[in-house]
Amino acid sequence: MSPLISLRKVSKWIGGEQILKDIDLDVFKGEFLSVVGPSGSGKSSLLYIMGLLDRPSSGEVFFGGYRVDFSEDRVISELRNRRIGFVFQFHYLIPELTALENVMVPLMKTVSRAEAERRAKDLLSLFGLKGKEHRKPYQLSGGEQQRVAVARAVANDPDVILADEPTGNLDSQNTEVVMDLLMDLKKRGTTIVMVTHDFNLASRADRIVEIVDGRIRS
Ligand SMILES: Nc1ncnc2c1ncn2[C@@H]1O[C@H](COP(=O)(O)OP(=O)(O)OP(=O)(O)O)[C@@H](O)[C@H]1O
Ligand SMILES: [Mg+2]
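Residues numbered from 1 in each chain as written. Chains lettered and ligands numbered in written order. Predicted model: local features only at pLDDT ≥ 70, side-chain atom pairs only at ≥ 80, totals over all residues. Heavy atoms only, no water.

1. Side note on the packing of aromatic side chains
Counted under the stated rule, the structure contains 4 aromatic pairs. Judged by centre distance (5.7 Å) and plane angle (20 degrees), the ring pair of Y48 and F86 falls under stacked. One end of the pair, Y48, is in helix 1 (residues 43-50); the other, F86, is in strand 6 (residues 84-87), with 38 residues separating them in the sequence. Y48 gets classed as partly exposed once you look at its relative accessible area, which sits at 27%. With centroids separated by 5.2 Å and ring planes inclined at 80 degrees, the aromatic side chains of F88 and Y92 adopt a geometry described as edge-to-face. Look at F88 and you get buried, because its relative accessible area is 18%. Linked through ring pairs, Y48, F86, F88 and Y92 together constitute an aromatic cluster. (Phe/Tyr/Trp six-rings, centres within 6.5 Å; stacked < 30°, edge-to-face > 60°. Helix = DSSP H or I, 4+ residues; strand = E, 2+ residues; numbered from the N terminus. Buried < 20%, exposed > 50% of the residue type's maximum accessible area, 1.4 Å probe, protein only.)

So, in structure tokens, the structure goes:
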């Protein structure tokens, strides 16, 4: 199998502190990888770099076999829009938009408005949010907001879903809804990288990578 994302000697410094240290990691096409590790160990920072939302201080990032040149803004945003779905640890829904409109945002860049609305509605139903499409994020519970965020990440059928604690705010039933969806996407060939504190969830992945103090522990 060929890697979809490769990191080579990736390091990140913030304010004189090194938070990622010489990370070498391949994420293979179609695999479900979990990332575990203590709070503050660098999991979110690592995921941002894999999702091309942040650039490393040193080292190289490859996506689909090509070296990512972080100076090419247009190429980076095209990759992010079409090929990467990101679920943030603190969901970051747009507060002024309804649930439906939030899910439509990435879709509007690739399909017509009518098609975007149809797909966004279907996804929200799948996530048990039927009837709540027109609510703003503040009118939804934390778990409901998290599900809208997952729907938004998967809307464009990306090659890879990078999910940072996607079930962090969910009860066990909704955790299952989200995990089943991720497993289904994996069956259909989507590559998944999921950060979690929950070892039971992590163990459902094909492979687990542990980050301790900014380094991969092998
Ligand atoms: N913008 C920033 N400015 C300063 N320090 C930062 C910044 N972002 C992250 N850090 C620091 O980098 C380290 C790694 O943070 P990161 O968010 O990647 O951890 P994490 O493993 O995701 O933790 P958690 O499990 O709590 O989400 C932490 O020590 C954090 O304080
Ligand atoms: Mg984090």
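2. A short note on the packing of helix 5 (residues 142-154) against helix 6 (residues 172-187)
Where helix 5 contacts helix 6, the two axes come as close as 11 Å, and the packing angle between them is 10 degrees. As far as their axial angle goes, helix 6 and helix 5 are roughly parallel. Every residue of helix 6 that contacts helix 5 at R147, V150 and V154 is listed here: N174, V178, L181 and L185. Residue composition of the contact of helix 5 with helix 6, by class: 5 nonpolar, 1 polar and 1 charged. (Axes fitted to C-alpha atoms, helices over the stretch in contact; angles between N-to-C directions. Parallel < 35°, antiparallel > 145°, perpendicular 65-115°, else oblique. Contact = heavy atoms within 4.5 Å. Nonpolar A, V, L, I, M, F, W, Y, C, P; charged D, E, K, R; others polar.)

3. Here's the deal with the sheet that holds strand 5 (residues 66-67)
In spatial order, the strands read 2-1-4-5; together these 4 strands make up an open sheet with antiparallel pairing. Both outer strands of the open sheet, strand 2 (17-28) and strand 5, are each paired with one neighbouring strand and no more. Relative to strand 5, strand 4 (residues 58-63) runs antiparallel, the two sharing 2 bridges. By the bridge assignment, F63 is partnered in strand 5 with Y66. (Pairing = 2+ DSSP bridges.)

4. A closer look at the packing of helix 3 (residues 99-108) against helix 4 (residues 113-126)
A packed helix pair is summarised by two numbers, namely the angle formed by the two axes and the spacing between the axes. Relative to each other, helix 3 and helix 4 sit at 125 degrees, their axes nearing to 8 Å. The angle between helix 3 and helix 4 falls in the class oblique. Taken as a pair, helix 3 and helix 4 cross one another with a handedness that is right-handed. Across the interface between the two elements, A99, L100, V103, M104, L107 and M108 of helix 3 pack against R113, A116, E117, R119, A120, K121, L123 and L124 of helix 4. Here the contact of helix 3 with helix 4 is built from residues that sort into 10 nonpolar, no polar and 4 charged. (Left-handed = near helix turned anticlockwise from the far one by under 90°.)

Don't take any of this as a statement about function, it's just geometry.
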